[in-house]
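The primary structure of each chain is shown beneath.
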Amino acid sequence: MSSRTGEPPVDSNVSAARATGSVPLLELRDLRLDLPVNGELKRVLHDVSLEVFPGEAFGLVGESGSGKSLTARSIARLLPRGAVSSGEIRFDGESVMDLSGSALRRHRIGAVSMIFQDPRAHTNPVRSIGDFLTEVLVKELGVPASEARRRAVQTLGEVGIADGERRLRQYPHELSGGMLQRVMIACALLAEPRLILADEPTTALDVITQSEVIAILDELRRERGLALLFITHDLELAAAVCDRSAVMYAGSIVELQTSQQLNNEPLHPYSAALMAARPSVDVTSRRLAAISGRPLSAFETPFGCAFAGRCPHRQPRCVETAQELRAVAGGLVRCCRAEELRGLLTVGEEAEVQTRA
Amino acid sequence: MHEQVISAEGLRKVFIARGASAGDGKIVAVDDISFMVSDGGSLAIVGESGSGKTTVARMLVGLTRPTAGRIVIAGQDRTKPCKRSSKRQARGRDIQIVFQDPYSSLDPRQTAAQSIEEVLKLHFSLSRADRADRVQRLAGQVGLDERQVGARPRALSGGQRQRVAIARALAAEPKALVLDESVASLDVSIQAQILNLLADIREQTRISYVFISHDLAVVRQVADHVLVMQHGRAVESGSTEQILGSPEHPYTKLLRSSVPGRGWKPARRNARQA
Ligand SMILES: Nc1ncnc2c1ncn2[C@@H]1O[C@H](COP(=O)(O)OP(=O)(O)OP(=O)(O)O)[C@@H](O)[C@H]1O
Ligand SMILES: Nc1ncnc2c1ncn2[C@@H]1O[C@H](COP(=O)(O)OP(=O)(O)OP(=O)(O)O)[C@@H](O)[C@H]1O
Ligand SMILES: [Mg+2]
Ligand SMILES: [Mg+2]
């Protein structure tokens, strides 16, 4: 197994993709992001590092407000005004941190496409779906208009919108939430990017349509080596779709694992607590196991572990020592007690299942 | 005794499509949908994307006028959207909605606190201090902190916006609440907190819910009854246990078996039909 210098020593699981000898398509190293809040810069991302390989689906899960969307937006260089970032973002070996002008446009068109979390906020209400879908093809890629419309209709068909011709003449408010989300997906696919930043791309889709959309993405990954950064709150979906996943909490990655392993044996107490909060489609629980205490914004995090204040396994050293992302049991985890807690984190969940009615 | 808080009878909605030539220009978005929700009851509407769920929700709260059918809410005929603002205000105490896309339903110029406060001002005569207390309490209940409460929608994450919209709807203390895909952008722990909160409010106030969701595990948790829609029609309805436990209609069966989990295999449309 090849391991380049400077990387944390990890064993087979997490570096499975690396073992094939391929180089990462996307590389984030110690990405930090500060945003202005009431005239003051506040930290929203702390040293986020991850890699996505060609053909890989990489999952990003975690707390609402933990920085998943901003991580994706950093990669597409679509950040709010006044944002200050540092660290490294490399796409295909080249830094995208200081891209501007036509190089930045090329990056956003041929290299990465973003499927936004809130499609209605990212479409123009007075422009037709047809214009929205064909604009990049016609204006940036020089595809003739009629050919662009033909491709748009075909791609809409693939994401389950059958009457594409008519839909192209419609406006965003005339489409249902899930249809507009599929228009977003079609738009990302039409540009034929090498990496899709998919920010909760299927939340507005019924599970049948969701399965169809995932099948298309899987096919493109296999056939064209499309890479996927997949943000989702559906942990089962992440486990089924993604090769590896990272769990974010308060602006940091607290765990990075193969998705299977994360699902079966989470290493970080936050990940485990998150898994335990899932509702089940088979059993009604009297009360769902929400994590007690309040979520923390990234800039409020104390020294040491950001989750310590809510963690049932907290010890004094958790807040006395800096918590680094370390290799444990084939994954990476930011918890000084990870080894001793192995196997103990999911016990509570099982006990809970047994008491369910 | 259970009273019917919401009664919908034979709802139908036909949209006339823009720029379409005569004939193909009609979209039957909702076709003969009927249901009732009693006080303290909770109905889930699930089904295909584009099957008319949001259109039903909009008709319930008077934002879309039904082509046919009748809506009665808390004893009042609410079939027609209300024009007078006093009527609209009264309706706001009866039924509230949390929209599928919170970004476009929140005023971009208002902070979260202002938008919650606006609802309180409209429906209750409270002192400034009491109002501020109430805003803090609602924000806390949906897990928003002080900075987030003072932020405008632009500076909030997707799930934070969704929680502002939930707090805003709860602020009116309505008799019925329509939640359109309202917990979809929340991580499962915050989602659990919100679902527990909704359950508590239901127990304490006997509020009724119409819960639109693609997440069948969430549906199992919040609803007593489920209505399954496809192409504008109801294909199956019954108790949650019955619909999720032993679905009968082929569409419901396929829906149930498409939930991601062990052994889940994504399938292309054509592949499935073949
Ligand atoms: N323009 C902005 N100015 C200031 N703070 C912001 C801005 N945009 C986002 N934030 C804050 O940054 C944090 C991370 O936001 P982000 O949208 O990345 O969260 P997320 O993980 O995608 O959450 P969700 O799952 O709810 O969508 C949040 O706490 C949010 O309030
Ligand atoms: N204002 C409108 N003008 C024309 N057609 C409309 C309008 N609003 C909705 N429709 C159409 O009505 C149908 C039902 O839409 P609706 O939004 O009710 O679906 P939905 O079940 O909520 O779907 P989703 O799960 O994707 O949100 C769709 O075909 C949609 O395009
Ligand atoms: Mg987000
Ligand atoms: Mg809808």
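Model, not experiment: these values are computed from the prediction. (Residues numbered from 1 in each chain as written. Chains lettered and ligands numbered in written order. Predicted model: local features only at pLDDT ≥ 70, side-chain atom pairs only at ≥ 80, totals over all residues. Heavy atoms only, no water.)

1. Side note on the overall build of chain B
We apply this condition: Secondary structure follows DSSP: runs of H or I at least 4 residues long count as helices, runs of E at least 2 residues long count as strands, and numbering of each begins at the N terminus. We compute the radius of gyration from the C-alpha atoms alone; for a globule the expected value is 2.2 Å times N to the 0.38, where N is the number of residues. Residue burial is assigned from relative accessible area. The probe radius is 1.4 Å, only protein chains are included, and a residue is buried under 20% of its type maximum, exposed over 50%, and partly exposed in between. What sets the accessible areas is the Shrake-Rupley method with a 1.4 Å probe; for residues, cover comes only from the shown protein chains.
Secondary structure assignment for chain B yields 12 helices and 10 strands. The C-alpha radius of gyration of chain B comes to 19 Å, within 12% of the 19 Å expected for a compact globule of 274 residues. Counting only C-alpha atoms and orienting by the principal axes, one finds that chain B spans roughly 65 × 50 × 45 Å. Split into buried and exposed, the 274 residues of chain B put 56% on the buried side. For chain B, the computed accessible surface area is about 12200 Å², with 47% contributed by carbon and sulfur atoms.

2. Some points on the overall build of chain A
The criterion, for reference: The criterion used for residue contact is that any of the two residues' heavy atoms lie within 4.5 Å. Residues scored as positive are Lys and Arg, those scored as negative are Asp and Glu, and His as well as the terminal groups of each chain are ignored. To locate a charge, take NZ of a lysine, CZ of an arginine, CG of an aspartate or CD of a glutamate.
Tallying secondary structure elements over chain A gives 14 helices and 12 strands in all. Taken over C-alpha atoms, the radius of gyration comes to 21 Å for chain A, in line with the 21 Å a tight globule of 357 residues would show. Taking the principal axes of the C-alpha coordinates as reference, chain A spans close to 65 × 50 × 50 Å. The buried share of chain A, reckoned over its 357 residues, is 55%. Taking contacts inside chain A between residues at least 6 apart in sequence as the whole, the part at least 24 apart equals 63%. Split by element, the accessible area of chain A, about 14400 Å² in all, is 50% carbon and sulfur. Positive and negative side-chain charges in chain A, numbering 41 and 45 respectively, have mean positions lying 4 Å apart.

3. Details of the coordination of the magnesium ion (ligand 4)
For a metal bound by four donors in tetrahedral geometry, the ideal donor-metal-donor angle is 109.5 degrees, whereas six donors in octahedral geometry ideally sit at 90 or 180 degrees. All names here are of chain B. Just so we agree on the cut-off: Donor selection uses N, O and S atoms within 2.8 Å of the metal (3.2 Å for Na, K and Ca). Since no water is included, sites may look incomplete.
Every protein donor of the magnesium ion (ligand 4) is listed here as T54 (OG1) and Q100 (OE1), and their distances to the metal cover 1.9 to 2.4 Å. Taken together, the residues span a long stretch of sequence, with T54 in helix α1 (residues 53–60) and Q100 in the loop between β6 (95–98) and α3 (102–105) at a distance of 46 residues. A relative accessible area of 26% places T54 in the partly exposed class.

4. What to know about the pattern of salt bridges
Residues and elements named next belong to chain A. The condition is simple: We define a salt bridge as a contact between a side-chain nitrogen of Lys or Arg and a carboxyl oxygen of Asp or Glu at a distance within 4 Å.
Going through the model one piece at a time under the given rule, you end up with 43 salt bridges over all chains. With its nearest N and O atoms 2.7 Å apart, the salt bridge here joins D92 to R194. Here D92, found in the loop between β4 (84–91) and β5 (94–95), pairs with R194, found in the loop between α7 (177–190) and β7 (195–199); they are 102 residues apart in sequence, far enough to count as distant. On the basis of relative accessible area, R194 is assigned to the partly exposed category, the value being 39%. Two residues, E140 and R105, come together in a salt bridge whose shortest N-O distance is 3.2 Å. Within this pair, whereas E140 is found in helix α4 (residues 129–140), its partner R105 is found in helix α3 (residues 101–111), the two being separated by 35 residues in sequence. By relative accessible area, E140 is classed as partly exposed at 37%.

5. Some remarks on the interface of chain B and chain A
Interface size is commonly expressed as the accessible area that is lost once the parts come together. For clarity, the threshold we go by: Buried area: the accessible area, evaluated with a 1.4 Å probe, that two parts lose upon being put together, summed over both parts. Within 3.5 Å is the distance limit for a polar contact, defined as a pair of N or O atoms, with the added protein rule that one can donate a hydrogen and the other accept it, and that residues adjacent in sequence qualify only through two side-chain atoms. Each residue gets one of three labels, nonpolar for Ala, Val, Leu, Ile, Met, Phe, Trp, Tyr, Cys and Pro, charged for Asp, Glu, Lys and Arg, and polar for the others, Gly among them.
Taken together, the contacts link 59 residues of chain B with 67 residues of chain A. In this assembly, chain B packs against chain A so that about 5100 Å² is buried in total across both faces, 54% of it on carbon and sulfur atoms. Here R268 of chain B and E219 of chain A are joined by a salt bridge, their closest N and O atoms 3.0 Å apart. Counting across the chain B and chain A interface gives 20 residue pairs in polar contact (both at pLDDT 80 or more). The set of elements that each furnish at least two residues to the side of chain B that touches chain A consists of α3, α6 (146–149), α7 (158–171), α8 (188–205), α9 (216–222), α11 (250–257) and α12 (269–273) of chain B. Of the residues forming the side of chain B that touches chain A, the biggest block, 9 residues, is contributed by α8 of chain B. Here the side of chain B that touches chain A is built from residues that sort into 21 nonpolar, 21 polar and 17 charged.

6. Considerations on the coordination of the magnesium ion (ligand 3)
All names here are of chain A. The coordination sphere of the magnesium ion (ligand 3), as far as protein atoms go, consists of S69 (OG) and Q117 (OE1), spread over 2.0 to 2.3 Å. With S69 in helix α2 (residues 68–75) and Q117 in the loop between β6 (112–115) and α4, this residue pair connects regions lying 48 residues apart in the sequence. In this structure Q117 comes out as buried when scored by relative accessible area, which is 18%.

7. Considerations on the packing of helix α4 (residues 112–123) of chain B against α7 of chain B
Residues and elements named next belong to chain B. What counts is decided by this rule: Each axis is a line fitted through C-alpha atoms, and for a helix only the stretch in contact is used; angles between axes span 0 to 180 degrees, taken between their N-to-C directions. Any angle between 65 and 115 degrees counts as roughly perpendicular, while under 35 counts as roughly parallel, over 145 as roughly antiparallel, and the rest as oblique. With the far helix as reference, a near helix turned anticlockwise by less than a right angle produces a left-handed crossing, and one turned clockwise produces a right-handed crossing.
Their axes nearest at 8 Å, the elements α4 and α7 cross at an angle of 20 degrees. Comparing their axes, α7 and α4 come out roughly parallel. In this structure, α4 crosses over α7, and the sense of that crossing is right-handed. For the pair formed by α4 and α7, the contact residues are A112, S115, I116, E118, V119 and L120 on the first element and V164, A167, R168 and A171 on the second. The residue makeup of the contact of α4 with α7, split by class, is 7 nonpolar, 1 polar and 2 charged.

8. What to know about helix α5 (residues 145–158) of chain A
All names here are of chain A. Selection criterion: Working rule for helices: expected span equals 1.5 Å times residues minus one. In this description, the arc belongs to the directions extending from the helix axis to the C-beta atoms.
Here α5 is 14 residues long and its end C-alpha atoms lie 20 Å apart, about the 20 Å a rise of 1.5 Å per residue gives. Taken as a whole, α5 has its buried residues at A148, A152, T155 and L156. Summarising the axial view, the buried residues of α5 lie within an arc of 100 degrees, below the 170-degree limit, and thus occupy one face. Buried-residue contacts for α5 involve α4, α6 (164–169) and α7. Just downstream of α5 lies G160, where phi reads positive at about 90 degrees.

Note that every value here comes from positions in space, so none of it alone points to a role or purpose.
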